[in-house]
Amino acid sequence: LGALLASAAIGYAETAYRLLDDNWSWHLILIAVLHACAAYYFDSRVLLSLSITALAAFLGINYDLLETNLFLPYDLAIRGYICAGILLMWRTANLRFGKRTEFTEVFDHAMAILVLVSALILVFEEEARFPALLLLLPAVAAVFLHGWRTRSQAFVIYAVIAFLVGTGNVISEVVGSEAF
């Protein structure tokens, strides 16, 4: 509750007083760092997920980007891959220096979702459909194998759904949408 109140207070201060002017999104980094410090102090996976969410928001990963056409879907997918890369480095540093193995699962879920959704965004773009499928299939295989190896149903479900949505879209475009 304290973390959510702190986030709300920082967001309100930025909105009301425009402390950062045009660089308003930098308050999200402050929130991400605040939540990350609290996550490590309190050993809280919930606070870690709030930190990851704030990081993703700072990088501009949100649904409004597609609705307002401020960014192309390619840009949104690249931001998703960048965020997943940052999380991979954070996860590696966490295991090497922090020794917080309870956080590994949070990082793994976030990275899997970011990579699969980023590939799916590209699959739905007509010009990038087939190259994006070449990005999606190895990601699906990696997430599926991770789920199989760790006995985590969630990863297997992520992989199956991404595979069905991605290949279903490509097949429907090749065969023709009238067939479905």
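For the structure itself, look to the data block above.
Residues numbered from 1 in each chain as written. Predicted model: local features only at pLDDT ≥ 70, side-chain atom pairs only at ≥ 80, totals over all residues. Heavy atoms only, no water.

Engineer: Can you walk me through a nonpolar patch on the surface in this structure?
Structural biologist: The grouping of Y12, Y17, L19, L20 and W26 at the surface amounts to a nonpolar patch, some 620 Å² of accessible area in total. By the element assignment, Y17 lies in helix α1 (residues 2–17). You can call Y17 exposed: its relative accessible area is 57%. (Patch = residues over 30% accessible without salt bridge, like charges linked within 9 Å, V, L, I, M, F, W, Y side chains within 5 Å. Areas by Shrake-Rupley, 256 points an atom, 1.4 Å probe, with all protein chains shown as cover. Salt bridge = Lys/Arg side-chain N within 4 Å of Asp/Glu carboxyl O. Helix = DSSP H or I, 4+ residues; strand = E, 2+ residues; numbered from the N terminus. Buried < 20%, exposed > 50% of the residue type's maximum accessible area, 1.4 Å probe, protein only.)

Engineer: Sorry, what's going on with unusual backbone geometry here?
Structural biologist: The backbone of R18 shows a phi angle near 50 degrees, a positive value even though the residue is not glycine. With respect to the helices and strands, R18 occurs in the loop between α1 and α2 (27–42). Given a relative accessible area of 48%, R18 falls into the partly exposed group. Of note, the phi angle at D43 is positive, near 55 degrees, even though the residue is not glycine. Residue placement: D43 occurs in the loop between α2 and α3 (45–58).

Engineer: How should the environment of I121 be read in this particular structure?
Structural biologist: Counting through the fold element by element, I121 comes out in helix α6 (residues 104–123). I121 sits 18 residues away from A139 along the chain, and the two C-alpha atoms are 13 Å apart.

Engineer: How should the packing of aromatic side chains be read in this particular structure?
Structural biologist: Ring pairs (aromatic) are described by centroid distance and by the angle formed between their planes. Scanning all chains against the criterion turns up 6 aromatic pairs. Between the aromatic rings of Y41 and F42, the centroid separation amounts to 4.8 Å while the plane-to-plane angle is 90 degrees, which identifies the pairing as edge-to-face. There is no split in this pair, since Y41 and F42 are both exposed. (Phe/Tyr/Trp six-rings, centres within 6.5 Å; stacked < 30°, edge-to-face > 60°.)

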